[in-house]
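Observations on the three-dimensional arrangement
For reference, the chains in residue letters:
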Amino acid sequence: MFCIRGCGRRVAASLIKQHLASVRFGGDSAAPWTPHFDVVVIGGGHAGTEAAAAAARCGSRTLLLTHRVDTIGQMSCNPSFGGIGKGHLMREVDALDGLCSRICDQSGIHYKVLNRRKGPAVWGLRAQIDRKLYKQNMQKEILNTPLLTVQEGAVEDLILTEPEPEHTGKYRVSGVVLADGSTVFAESVVLTTGTFLRGMIVIGLEMHPAGRLGDQPSIGLAQTLEKLGFVVGRLKTGTPPRIAKESVNFSILNKQTPDNPSIPFSFINQTVWIKPEDQLPCYLTHTNPQVDEIVLENLHLNCHVKETTRGPRYCPSIESKVLRFPNRVHQVWLEPEGMDSDLIYPQGLSVTLPAELQEKMITCIRGLENAKMIQPLLSRQRYGVQYDYMDPRQISPSLETRLVQRLFFAGQINGTTGYEEAAAQGVIAGINASLRVRHKPPFVISRTEGYIGVLIDDLTTLGTNEPYRMFTSRAEFRLSLRPDNADSRLTFRGYKEAGCVSQQRYERASWMKSSLEEGISMLKSIEFLSTKWKNLIPESSISSGKSLPLRALDVLKYEEVDMELLARAVPEPLKKYTQCRELAERLKIEATYESVLFHQQQEIKEVQRDEALQLPKDLDYLTLKDISLSYEVREKLHLSRPQTIGAASRIPGVTAAAIVNLLRFVKTTQQRQAAMNRVPKIDQQLRDTDRLEESQL
């Protein structure tokens, strides 16, 4: 047993309890205090809370280590969850009994489904969130989770032991060392460090070490990971200044109202906590040439933009927008931060200019001519932050690192950006950290099963050199991976394979699944001539020129027809399917995509056949003989270490010819292994025959 930093440092087991008992909060107060946990999660952000809660739901005694308990659930950037692609991730996290969707349903102040003009497969559930409410509700959930203990403390080092011979990796993690020298032992460790690994805050030309304004960065842990041999990169992000609500002229701006009714994020909620009429509006304004002028004239005062560190492509700073898209007007959404907050968050105006220039730029924008920047307790202006991340090609689809056994990465440490992407990785890392302790197979979601699978496959196969954000365009099978059916795709797997789903959620998903099957079967069984349907539903666009037989399911495909309209035309037996809003909407969606889903399912089966061809984990691509591969391809395969032929085919630069040769090699190896396995069986059969003949003689 050893530590990478401060070799030889030891803390006697008898002293560990004394060190750790100083500041401790627990959701499982009845659990005996011990320095040894099944799972230790480092970081109390959106990835960390999901990971800790998931591990505890799976039955593992879990410790969540965070700098400060009062920052658990803090929304450090924008006061919103969801959006196009991101809403899909939230639904999938919820299907696995994750936290963020339920907490958003208790904390939102403006619920809106984006992309309504397109099909339901790409709708994006989104909500403005009350920062204070979200933090309160998340802390209440975390601090009352059975088997989960929360501890304040900064992790400085990892405790490592000899690796397990049956698994790949140079070391095995067996605990962590805290800043005060105390240790905590664990069977699995999950790192969710966010922007804290060698974090550096930037305002204009000033730079200050911090993971977040007011919090110290994690230097020792970053050095440990680098010394272990992890490939480290550098990324950056930022936030906009906050504006006093009373200083904004909303009367001249475009007002955005919430949906009525509001659609909840969680499958187990029928409604959100607040009525649509009590929710707060958002407002839209735009930048102008004056903003561009201020940015361009002061680039010499902004080292954050001049740095070579890569920032987010799809949520860039206003400086990056002006440089990348000159002479364009950019949207600025003015979003409320809470029901009783006097702050407005100008979404789209992330900036790291010096304070006086931030204020000058803001007052150039329509509706903000008299705006005042406010950031209570912290700083008047906002900032950029630069931080270390690990090349995600160093982790497997279970999010376990290949270099260190039982060590898992989740969140921004893997190069992603966004609360939702962090939460999605957190729930998977927590589940697999727990399964690893129990020596069970990993819980892996493929890209044919969910957006979480797309996210993790993209990271582990392709890597990233800029903050990765989820979009619906990243998924090949969007029509099958919809927000409405995440429960039918993942809840049953989560319940049976991982044990992370509650009985209540499992029963709810089972009821919905059987109701959908029954409803679709009923809609298929009802059939009238088109002329009769036109008479029954005159407002529909059904053609009465030719009298053709139509099923009720076919009629439901018409845009203007929903289950309410169909049930009025045929009350018996369809009326009962309108009593549950969610069921009625999902029947409509199933009807909409019925014909195209059949073809997509065939495509999915083809991909799954490729994914079923597993590559041996111990393949040394650099020295592998009996296979024709260029050195460039060998290097790429060695770096990414794909687990299947399908994953290998998605690596840029790995040619089709290389895939064919790799496929041939795998099949030949499998056949050779199968033949070798048959030999002992034949020998055994011969020996059995000989013994039988001897006994007969």
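Refer to the structure presented above.
The structure contained in this document is the topic of the report that follows.

The rules behind each value
- Residues numbered from 1 in each chain as written.
- Predicted model: local features only at pLDDT ≥ 70, side-chain atom pairs only at ≥ 80, totals over all residues.
- Heavy atoms only, no water.
- Helix = DSSP H or I, 4+ residues; strand = E, 2+ residues; numbered from the N terminus.
- Contact = heavy atoms within 4.5 Å.
- Salt bridge = Lys/Arg side-chain N within 4 Å of Asp/Glu carboxyl O.
- Buried < 20%, exposed > 50% of the residue type's maximum accessible area, 1.4 Å probe, protein only.
- Pairing = 2+ DSSP bridges.
- Axes fitted to C-alpha atoms, helices over the stretch in contact; angles between N-to-C directions.

One can find arginine 68 in the loop between strand E4 (62–66) and strand E5 (80–82). Not counting the four nearest positions on each side in its chain, arginine 68 is found in contact with Glu152, Gly214 and Asp215.

Summed over the entire model, instances satisfying the criterion amount to 41 salt bridges. Across the salt bridge formed by lysine 86 and glutamate 420, the nearest N and O atoms sit 3.1 Å from each other. Taken together, the residues lysine 86 in helix H3 (residues 86–95) and glutamate 420 in helix H11 (residues 419–437) connect sequence positions 334 residues apart. Exposure class is identical for lysine 86 and glutamate 420. Each is buried. Residue glutamate 585 pairs with arginine 581 through a salt bridge whose shortest N-O separation is 3.0 Å. In this pair, glutamate 585 and arginine 581 both sit in helix H19 (residues 581–592), 4 residues apart, roughly one turn of the helix. Residue classification places arginine 581 among the partly exposed residues on the basis of a relative accessible area of 28%. The network of salt bridges with shared partners includes Glu164, Arg172, Glu187, Glu400, Arg406 and Arg436.

What follows concerns the pairing of strand E18 (residues 331–336). Bridge analysis of strand E17 (residues 282–286) against E18 gives 4 bridges, and the strand direction is antiparallel. Note that in E18 the partner of leucine 284 across the bridge is tryptophan 333. Joining the antiparallel neighbours E18 and strand E19 (residues 343–347) is a turn of 6 residues.

Here the focus is the sheet that holds strand E6 (residues 108–114). Overall, antiparallel pairing links the 3 strands, which are arranged E5-E7-E6 in an open sheet. Sheet topology places E5 and E6 at the edges, where each strand pairs with a single neighbour. Strand-to-strand twist across the sheet, computed as the mean angle between neighbouring axes with direction ignored, equals 15 degrees. Where E6 and strand E7 (residues 124–129) come together, 6 bridges link them in antiparallel fashion. Of the residues in E7, the one forming a bridge with lysine 112 is arginine 126. Set on the sheet, H3 makes contact with E5 and E7; between it and E5 the angle comes to about 80 degrees.

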